[in-house]
Amino acid sequence: DLLQAFVEHWKGITNYYIETTDENTPAKKTDIPWRLKQMLDILVYEEQQQVAVGEAGPCLEYLLQHKILETLCTLGKAEYPPGMRQQVFQFFSKVLAQVQHPLLHYLSVHRPVQKLLRLGGTAPGSVTEKEEVQFTTVLCSKIQQDPELLAYILEGKKIVGRKKACREPTPLPKDTASHRDKDCSHDGAPARPQLDGEPCGAQALNSHMPAETEELDGGTAESNLITSLLGLCQSKKSRVALKAQENLLLLVSVASPAAATYLVQSSPCCPAIVQHLCQLYRSMPVFLDPADIAALEGISWRLPSAPSDEASFPGKEALAAFLGWFDYCDHLITEAHTVVADALAKAVAEKFFMETLQPQLLHVSEQSILTSTALLTAMLRQLRSPALLREAVAFLLGTDRQPEAPRDNPHALSAHLIGHCDHLSDEISIATLRLFEELLQKPHEGIIRSLVLRNLEGRPYVAWGSPEPESYEDTLDLEEDPYFTDSFLDSGFQPRAKPRLAPATSYDGKTAVTEIVNSFLCLVPEEAKTSAFLEETGYDTYVHDAYGLFQECSSRVASWGWPLTPTPLDPHEPERPFFEGHFLRVLFDRMSRILDQPYSLNLQVTSVLSRLALFPHPHIHEYLLDPYISLAPGCRSLFSVLVRVIGDLMQRIQRVPQFPGKLLLVRKQLTGQAPGEQLDHQTLLQGVVVLEEFCKELAAIAFVKFPPRDPRQNLSPAPEGQV
């Protein structure tokens, strides 16, 4: 008789508590694990023999009516005999996994499940972590199969912490009503579950149980499946932590909108996840070297520890833990139900970006600015989820998309960050420029629109009613430029060849491409060029890289619906003064000082400008890469800034003795072909080398971009060895 055997095994367990006197014998050395295994086998076998599908057999009825799970949970809490908690976790996991009959709707099942979850959640780093994570795996799997279970498992506080819980309108299936009614007699005071027919046995059993009251339950009810999983995510055992993270991922990706809404509104899910992110951020050292942060690559939530072969530095493990958890948050938002994803992204923005990170970015301490900026760059590099990217862009740049004015009051953080690109500290300038370079590679149109495009709308940089330029010299307006005096022109700066007439509004074919490329290549005079002496070829060395980057950029913006040609100038449109925007103003100012800035800073400035020039928008083509446009009075473009830099260079060359030889030596030093001894005018000479290479790079970008391609077309890779 199955029921008789089932009852006998249960009584065998209770008799252990009546008869034993040795409280130190581990549970695994008693017959309790064997009896629990027999009870499980009986339940599974009974269900297999069941004719009527969906009905509970006599043994399962006995388990439910006599609250065996409730009693086992209390024994696990008492941890008597030692190791009993592990046995209880294992029994719960196996019953829920192997018995096919839906159990978690029953009050006498989901209430002890909630208690057991709280039991695990209160013991971080406990010996039962492995069993706890197996238990949560079963629960998350059941919830994924039936999202309605989420409310039953998470409502620990509402069910356990209230007196007379059975009187509350808890929606249970009809086939569980009889069990619910039978459970009600015990719900008022669940502390002393009575065993059928054994009053004395129950008393002996209860002597080993901790006293439980409703107040105790209510006080610890914040611990539930979510907090239990988050606690396990922080385990020192990597396999336990990884499995808990996978379980939480399973939980937030439930397909039911109702369950997702419940998870957001009635559980600590989003706040708890973000709180841990903030804790990890605060646990890092106050100052971290930006180079160390940038070098720590390959951190993901599945491999959160830093590779052991990399150089160690103070705070490395804390940094790896933080970046690993941020990557996990990003992955959660990517995989979660839309309702959960949006809520979690907003929580990260409010609690982490706004309340934790922003004060560091706006701090007066240079160390705080430097570390937080480098960390933000590393986070952007990892960021993949559209919802979190949207929040990050709004946090960094605001939501205003109207054209800027020189003296307007822009988004506070955006203004500070752009100002940091021209900071007194070169380190902060470099770190912030890297941040913007990373930002420009993200697939969000609001970034390029906020920084550049909103100021180019309507093409106010083009002179109204001006005749189209007839030649290269006319476009340069050399006679109007204060740098280009007669003495300067006499010093030897002349375009090598007079280009043909330049097309003004369209680039139809290779002629225009050739002229635009030559415009950039002719900017640097021969006496300031050194690449030819080292057998380095011309701009074509940059073409292959430029083609790949342009392809990548074009595919990223393909869905943004950009026009193929510049907007026609509207003669009826009121003329507005042109302002390039705070971002381009800082970049142009930096570019104009290229001959006086450190080499590493110049590399970063030119790198950001190259990123901007790659965008396949016709206004960006025109403003950054077309030397032939007639600029409105007072306007400057990238080309005009470079022309002024060359004018300054030609005057300063006269004051540097043995300029060509020193310039060649500096280039050899930068390429590692000569020892790095200190020279007079080293900053100037390094700036000239960067200037020459930047002009070649712009020529290569112009070559692969013109004529403007449809950004929506599928660009196929170029054949090997050609573009």
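Residues numbered from 1 in each chain as written. Predicted model: local features only at pLDDT ≥ 70, side-chain atom pairs only at ≥ 80, totals over all residues. Heavy atoms only, no water.

### Regarding the state of the cysteines
The tally for this structure, following the rule as stated, stands at zero disulfides. As a non-bridged cysteine, cysteine 140 has cysteine 233 as the owner of its nearest cysteine sulfur, 9.9 Å distant. Given the relative accessible area of 1%, cysteine 140 is considered buried. (Disulfide = S-S within 2.5 Å. Buried < 20%, exposed > 50% of the residue type's maximum accessible area, 1.4 Å probe, protein only.)

### As for helix H32 (residues 638-653)
Spanning 16 residues, H32 covers 22 Å between terminal C-alpha atoms, matching the ideal 22 Å at 1.5 Å per step. With respect to burial, H32 is a largely interior element, 14 of its 16 residues being buried. (Helix = DSSP H or I, 4+ residues; strand = E, 2+ residues; numbered from the N terminus. Expected span 1.5 Å × (residues − 1).)

### A closer look at the nonpolar core
With 213 residues, the main nonpolar core has Leu72, Phe322, Phe352, Ile448, Met591, Leu612 and Leu642 as its most contacted residues. Excluding its chain neighbours within four sequence positions, the residues that come into contact with leucine 72 are Trp10, Leu36, Met84, Val88, Phe91 and Phe92. (Core = buried A, V, L, I, M, F, W, Y, C linked by side-chain atoms within 4.5 Å. Contact = heavy atoms within 4.5 Å.)

### Some details on the side chain of serine 372
Following the sequence through the fold, serine 372 ends up in helix H20 (residues 366-382). Look at serine 372 and you get buried, because its relative accessible area is 1%. Of the polar contacts made by the side chain of serine 372, one reaches the backbone oxygen of isoleucine 369; its length is 3.2 Å. Discounting chain neighbours no more than four positions away, the residues touching serine 372 are Tyr281, Leu357, Gln360 and Leu361. (Polar contact = N/O pair within 3.5 Å; in protein donor to acceptor, adjacent residues only side chain to side chain.)

### Focus on the packing of H20 against helix H23 (residues 426-439)
Two quantities define a packed helix pair, namely the angle between the helix axes and the distance between the axes. Where H20 contacts H23, the two axes come as close as 9 Å, and the packing angle between them is 20°. Of the possible angle classes, the one that applies to H20 and H23 is roughly parallel. Taken as a pair, H20 and H23 cross one another with a handedness that is left-handed. Contacts between H20 and H23 involve Glu366, Ile369, Leu370, Thr373, Leu376, Thr377, Leu380 and Arg381 from the first element and Glu427, Ile428, Ala431, Thr432, Arg434, Leu435, Glu438 and Leu439 from the second. (Axes fitted to C-alpha atoms, helices over the stretch in contact; angles between N-to-C directions. Parallel < 35°, antiparallel > 145°, perpendicular 65-115°, else oblique. Left-handed = near helix turned anticlockwise from the far one by under 90°.)

### Observations regarding the packing of aromatic side chains
Per the counting criterion, the structure on display carries 20 aromatic pairs. Ring centres 5.5 Å apart and planes at 65° place the aromatic pair tryptophan 560 and tryptophan 562 in the edge-to-face group. Members of the aromatic cluster, each reached through a chain of ring pairs, are Tyr281, Phe322, Phe352, Phe353 and Phe395. (Phe/Tyr/Trp six-rings, centres within 6.5 Å; stacked < 30°, edge-to-face > 60°.)

### Digging into the environment of tyrosine 623
Along the chain, the position of tyrosine 623 falls in helix H31 (residues 618-625). Put simply, tyrosine 623 and arginine 636 are 13 residues apart on the chain and 9.2 Å apart in space, counted from C-alpha to C-alpha. In contact with tyrosine 623, not counting residues within four places along its chain, are Leu456, Tyr461, Phe578, Glu580, Leu584, Phe588, Ile629, Arg636, Ser637 and Leu638. Of note is the side chain of tyrosine 623, whose polar atom sits 2.5 Å from the backbone oxygen of arginine 636.

### Some thoughts on the packing of helix H15 (residues 257-265) against helix H19 (residues 338-361)
The N-to-C vectors of H15 and H19 enclose an angle of 20°; their axes lie 8 Å apart at closest approach. When the axes of H15 and H19 are compared, the pair comes out roughly parallel. In this structure, H15 uses Ala260, Thr261, Leu263 and Val264 to contact H19, whose residues at the interface are Val339, Val340 and Ala343. For the contact of H15 with H19, the class distribution of residues is six nonpolar, one polar and no charged. (Nonpolar A, V, L, I, M, F, W, Y, C, P; charged D, E, K, R; others polar.)

### Here we look at a negative patch on the surface
Together, Asp289, Glu366, Asp426 and Glu427 give the surface a local cluster of negative charge. Structurally, the position occupied by aspartate 289 is in the loop between helix H16 (269-282) and helix H17 (290-295). (Patch = residues over 30% accessible without salt bridge, like charges linked within 9 Å, V, L, I, M, F, W, Y side chains within 5 Å. Areas by Shrake-Rupley, 256 points an atom, 1.4 Å probe, with all protein chains shown as cover. Salt bridge = Lys/Arg side-chain N within 4 Å of Asp/Glu carboxyl O. Lys, Arg positive; Asp, Glu negative; His and termini not counted. Charge placed at Lys NZ, Arg CZ, Asp CG, Glu CD.)

### A short note on unusual backbone geometry
Omega for the peptide link from tyrosine 80 to proline 81 comes to -5°, which places this bond in the cis form. Even without being glycine, glutamate 79 reaches a positive phi, approximately 55°. Here glutamate 79 shows up in the loop between helix H4 (68-78) and helix H5 (84-98).

### Observations concerning the environment of leucine 277
Relative to the assigned elements, leucine 277 resides in helix H16. A relative accessible area of 0% places leucine 277 in the buried class. Considered as a pair, leucine 277 and tryptophan 325 are 48 residues apart in the sequence and their alpha carbons are 6.5 Å apart. With near-sequence residues (within four places) excluded, leucine 277 lies in contact with Phe322, Trp325, Phe326, Val348 and Phe352.

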